[in-house]
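Here's the letter readout for the chains.
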Amino acid sequence: VQLQASGGGLVQAGGSLRLSCAASGRIFSGYSMGWFRQVPGKERDFVAAISWSSGFTYYADSVKGRFTISRDSAKNTVYLQMNSLKLEDTAVYYCAADRNYRPGKVREFSLYEYWGQGTLVTVSS
């Protein structure tokens, strides 16, 4: 599975962006898909995840109520809709795929086997 993330850019605080993560290769029902973000000098942080089969979603507390993760099975694509963006949302955003959906472990980036290349989101004041 190869993942291609896109949709990043420069946006003012309070604005919105939608990230996309297109998968080449089949995403099976047992997968979970996640979004993580990283700023220089810091660890990669969990943002959101979704079970491919059930659509159940998970969010970091810092983005709950502002971000929405979704998937389009027909397009093999995962989305991250980001609203009410804040300065602290500035980061490189990565999408990832875990072949084994584990409800209690979707926040652990080390368990994801496949990663996209990252897309930069910059929120300005």
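Residues numbered from 1 in each chain as written. Predicted model: local features only at pLDDT ≥ 70, side-chain atom pairs only at ≥ 80, totals over all residues. Heavy atoms only, no water.

A. Layout of unusual backbone geometry. You will see that N76, though not glycine, has its phi angle at about 55°, which is positive. Positionally, N76 belongs in the loop between β7 (67-72) and β8 (77-82). With a phi angle near 50°, S84 is a residue other than glycine that sits in the positive phi range. Inspection of the secondary structure assignment puts S84 in the loop between β8 and β9 (91-98). With a relative accessible area of 41%, S84 lands in the partly exposed category. (Helix = DSSP H or I, 4+ residues; strand = E, 2+ residues; numbered from the N terminus. Buried < 20%, exposed > 50% of the residue type's maximum accessible area, 1.4 Å probe, protein only.)

B. Molecular detail of the state of the cysteines. Tallying each qualifying case throughout the model produces one disulfide. A disulfide bridge connects C21 with C95, and the sulfur atoms are separated by 2.1 Å. Measuring handedness by torsion sign, the sulfur bridge of C21 and C95 sits at about 65° and is right-handed. Residue C21 is found in strand β3 (residues 17-24), and its partner C95 is found in strand β9; the two are separated by 74 residues along the sequence. One exposure class covers both C21 and C95, and it is buried. (Disulfide = S-S within 2.5 Å.)

C. Spatial organisation of the pairing of β7. Here β7 pairs with β8 via six bridges, running antiparallel. Counterpart to T68 in the pairing with β8 is Q81. Between β7 and β8, which pair antiparallel in sequence order, lie four residues; one of them, N76, sits at a positive phi of approximately 55°. (Pairing = 2+ DSSP bridges.)

D. Quick look at the pattern of salt bridges. Overall, the coordinates contain six salt bridges when judged by the stated rule. Linking D61 and K64 is a salt bridge whose minimum nitrogen-to-oxygen distance equals 3.2 Å. Several salt bridges share partner residues, and in doing so they unite R37, R66 and D89 into one network. (Salt bridge = Lys/Arg side-chain N within 4 Å of Asp/Glu carboxyl O.)

E. Highlighting the pairing of β3. As paired strands, strand β1 (residues 2-6) and β3 are joined by five bridges and run antiparallel to one another. Residue pairing across strands places L3 opposite A23, the latter belonging to β3. Across six bridges, β3 lies against β8 in antiparallel orientation. Each residue of the ladder has a partner; that of L19, found in β8, is L80.

F. Up close: the environment of A91. Residue position: A91 is located in strand β9. Judged by its relative accessible area of 4%, A91 is buried. In contact with A91, other than residues within four places in its own chain, are R37, Q38, V39, T119, L120 and V121. (Contact = heavy atoms within 4.5 Å.)

G. Layout of the environment of S62. Mapped onto the fold, S62 is located in the loop between β6 (57-59) and β7. With 17 residues separating them in the primary sequence, S62 and Y79 have C-alpha atoms 18 Å apart. Here R37 takes part through its side chain, which lies 3.5 Å from a polar atom of the side chain of S62. (Polar contact = N/O pair within 3.5 Å; in protein donor to acceptor, adjacent residues only side chain to side chain.)

Such coordinate-based values are descriptive only and should not be taken to indicate function.
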